[in-house]
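A structural walkthrough
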Amino acid sequence: MKQTIHTALAPSAIGPYVQAARVKDWLYISGCIPITADTNNMVDGAIEEQTRQALKNLEAILAAAGGCKKDIVKTTCFLTDIERFNSFNRIYSDYFENGYPARSCVEVSRLPKDALVEIEAVAYLGRA
């Protein structure tokens, strides 16, 4: 059975999707862009600030499902400019300092609300 996960600590979906869906011990988190939950506005700043906010949103959704960042198994990251890859990686690597998940990172032509970054994740919540 699929359970919808929603938290007010992350921005609401801006389209016909949910923040996350849980199926048994697996959590599928929709792409997080750097919108603040309190204002529903894009954060100002460069790729570093936007990456921090996207990860903050991702972590809020994980927490709402009873998980934490160490439960993330796979991320898919979308950047509008691959030239910002190193700057993105600095923030991303600090976030996952105690073990990295599998990852794909690709350049795309455009993201919703003209975000510079979007991050989606799959997490396993079945702790031993």
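Our subject is the structure listed above.
Overview of the structure.

Cut-offs used in this document
Residues numbered from 1 in each chain as written. Predicted model: local features only at pLDDT ≥ 70, side-chain atom pairs only at ≥ 80, totals over all residues. Heavy atoms only, no water. Pairing = 2+ DSSP bridges. Helix = DSSP H or I, 4+ residues; strand = E, 2+ residues; numbered from the N terminus. Right-handed = clockwise from strand over helix to strand, strands pointing away. Axes fitted to C-alpha atoms, helices over the stretch in contact; angles between N-to-C directions. Left-handed = near helix turned anticlockwise from the far one by under 90°. Contact = heavy atoms within 4.5 Å. Nonpolar A, V, L, I, M, F, W, Y, C, P; charged D, E, K, R; others polar. Disulfide = S-S within 2.5 Å. Buried < 20%, exposed > 50% of the residue type's maximum accessible area, 1.4 Å probe, protein only.

Digging into the pairing of strand β5 (residues 102-107)
In the sheet, strand β4 (residues 72-79) pairs with β5 via 6 bridges, with the strands oriented parallel. Across the sheet, residue C77 finds its bridge partner in β5, namely C105. The parallel pair β4 and β5 is bridged by helix α2 (residues 85-95), and the resulting crossover is right-handed.

Focus on the packing of helix α1 (residues 47-64) against α2
Between α1 and α2, the shortest axis-to-axis distance is 9 Å and the interhelical angle comes to 35°. Relative to α2, the crossing made by α1 is right-handed. Judged by residue contacts, I47, E48, T51, R52, L55, L58 and E59 of α1 engage S87, F88, R90, I91, Y92 and Y95 from α2. Its residues assigned to classes, the contact of α1 with α2 shows 7 nonpolar, 2 polar and 4 charged.

So, the state of the cysteines
Using the criterion set out here, one finds 0 disulfides in the structure. Among the cysteines around C32, which has no disulfide bond, C77 carries the closest sulfur, lying 11 Å off. Residue classification places C32 among the buried positions, given a relative accessible area of 5%. There is no disulfide at C68, and the cysteine sulfur nearest it, in C32, is 16 Å away.

Structural notes on the environment of N98
Considering the arrangement of structural elements, one finds N98 in the loop between α2 and β5. C-alpha separation for the pair N98 and Q3, spaced 95 residues apart in sequence, amounts to 29 Å.

Let's talk about unusual backbone geometry
Positive phi values are uncommon outside glycine, yet K24 reaches one of about 55°. We note that D114 has phi near 60°; this positive angle belongs to a residue other than glycine. Relative to the helices and strands, D114 is located in the loop between β5 and β6 (117-124). The exposure class assigned to D114 is partly exposed, which follows from its relative accessible area of 46%.

Some details on the side chain of T76
Of note, T76 is situated in strand β4. Assessed through its relative accessible area of 16%, T76 is described here as buried. In this structure, T76 is in contact with S104, E118, I119 and E120, ignoring residues within four places of it in sequence.

Some points on the pairing of strand β2 (residues 20-23)
For a regular strand, the rule is simple: side chains alternate between the two faces of the sheet. Across 4 bridges, the pairing between strand β1 (residues 2-5) and β2 is antiparallel. Opposite Q3, over in β2, you have R22 as the bridge partner. Note that β2 and strand β3 (residues 26-32) share 4 bridges and pair antiparallel. Bridge pairing in β3 places A21 opposite Y28. From the end of β2 to the start of β3, which pair antiparallel, there are 2 residues, and K24 there has a positive phi angle of about 55°.

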